[in-house]
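Listed here are the chains, written in short residue letters.
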Amino acid sequence: MTGQRQWDPIRLLEAAKEVYAKAYVPYSNFRVGAVFMDADGHLHAGCNVENAAYSPTNCAERTALFRAIADGRQPGEFQVAAVIGDTDSPITPCGVCRQVMAELCRPDMPVVMGNLRGDYRITTVEELLPGAFTNRDLRK
Ligand code: THU
């Protein structure tokens, strides 16, 4: 098991593409889909949901993660995440989602970033937000 992936980036991106289609994006018309795999291998999916007031918009990554937590998954248990968008290069999560992932995912959790052309890149939560402010910083 050591050193062997329990997941396939292409299959994760396919699952992210399914929820991508459900995005509510009347303002940007820019769809994003994300999935987070929990410790049991189940996928928690989310899309971006926009709002006429703009700032209440929720990105796909946060929709998926918040949904997983509401479903009883524990912070730090996620094995991997995948995100897809219709970008020229593989999509990269926004700063707010990076901060939320730093809170709820292990720093070494892989993040698969893809686009509709089939390009993808794999990074980690820590690489996305080095030096993140976390709950450790709140301890006195
Ligand atoms: N968006 C995401 O859902 N995830 C990302 O990684 C980047 C941006 C959404 C927010 C908004 O609904 C639209 O994409 C345009 O910024």
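Here the structure is shown first, and the text comes after it.
This section reports on the structure supplied with the text. (Residues numbered from 1 in each chain as written. Predicted model: local features only at pLDDT ≥ 70, side-chain atom pairs only at ≥ 80, totals over all residues. Heavy atoms only, no water.)

Under the definition given, this model contains five salt bridges. Notably, a salt bridge pairs Arg-73 with Asp-38, separated by 3.5 Å at the nearest N-O pair. Of this pair, Arg-73 sits in the loop between helix H2 (60-70) and strand E3 (80-85) while Asp-38 sits in the loop between strand E1 (32-37) and strand E2 (43-47); the two residues are 35 residues apart in sequence, bridging distant segments of the chain. On the basis of relative accessibility, which here comes to 21%, the residue Arg-73 falls in the partly exposed class. A salt bridge links Arg-73 to Glu-77; its shortest N-O distance comes to 3.2 Å. Each of Asp-38, Asp-40, Arg-73 and Glu-77 takes part in salt bridges that share partners, so that together they form one network. (Salt bridge = Lys/Arg side-chain N within 4 Å of Asp/Glu carboxyl O. Helix = DSSP H or I, 4+ residues; strand = E, 2+ residues; numbered from the N terminus. Buried < 20%, exposed > 50% of the residue type's maximum accessible area, 1.4 Å probe, protein only.)

Turning our attention to the nonpolar core. Membership of the largest hydrophobic core comes to 21 residues, with the highest contact counts inside it found for Phe-36, Leu-65, Met-101, Cys-105, Met-109 and Val-111. If you list the elements that add at least two residues to this core, you get E1, H2, E3, helix H3 (95-104), strand E4 (110-115) and helix H4 (125-128). Leaving out residues up to four positions away in the same chain, Leu-65 has contacts with Phe-36, Phe-78, Val-100, Met-101, Leu-104 and Cys-105. With 17 residues, the next largest nonpolar core counts Val-19, Met-37, Ala-45 and Ala-82 among its residues. (Core = buried A, V, L, I, M, F, W, Y, C linked by side-chain atoms within 4.5 Å. Contact = heavy atoms within 4.5 Å.)

What follows is about a nonpolar patch on the surface. A surface patch of nonpolar side chains, about 430 Å² in accessible area, is lined by Tyr-24, Tyr-27, Val-49 and Tyr-54. Looking at the secondary structure, you find Val-49 in the loop between E2 and H2. Residue Val-49 is classed as partly exposed on the basis of its relative accessible area of 35%. (Patch = residues over 30% accessible without salt bridge, like charges linked within 9 Å, V, L, I, M, F, W, Y side chains within 5 Å. Areas by Shrake-Rupley, 256 points an atom, 1.4 Å probe, with all protein chains shown as cover.)

Turning our attention to the environment of Asp-71. Here Asp-71 lies in the loop between H2 and E3. Along the primary structure Asp-71 and His-44 are separated by 27 residues, whereas in three dimensions their C-alpha atoms are 9.0 Å apart.

Further remarks concern the pairing of E1. Successive residues of a regular strand alternate their side chains across the two faces of the sheet. Counting buried positions along E1 yields six of six residues, so the element is predominantly enclosed. Because side chains alternate across E1, one face comprises the buried residues Val-32, Ala-34 and Phe-36, and the other comprises Gly-33, Val-35 and Met-37, equally buried. The turn joining E1 and E2, which pair antiparallel and follow one another in sequence, is formed by five residues; a positive phi near 90 degrees is taken by Gly-41. (Pairing = 2+ DSSP bridges.)

The set of residues buried in H2 consists of Ala-60, Glu-61, Arg-62, Thr-63, Ala-64, Leu-65 and Ala-68. Looking at the residues trailing H2, positive phi occurs at Gly-72, about 100 degrees.

Surveying the vicinity of the ligand reveals the residues Ser-28, Phe-30, Val-32, Asn-48, Glu-50, Thr-57, Cys-59, Ala-60, Glu-61, Thr-92, Pro-93 and Cys-94. At 2.9 Å from an oxygen atom of the ligand is found a main-chain nitrogen or oxygen belonging to Ala-60. One nitrogen or oxygen atom from the side chain of Glu-61 is found 2.6 Å from an oxygen atom belonging to the ligand. Classifying every residue of the shell around the ligand gives six nonpolar, four polar and two charged. (Near = heavy atom within 4 Å. Polar contact = N/O pair within 3.5 Å; in protein donor to acceptor, adjacent residues only side chain to side chain. Nonpolar A, V, L, I, M, F, W, Y, C, P; charged D, E, K, R; others polar.)

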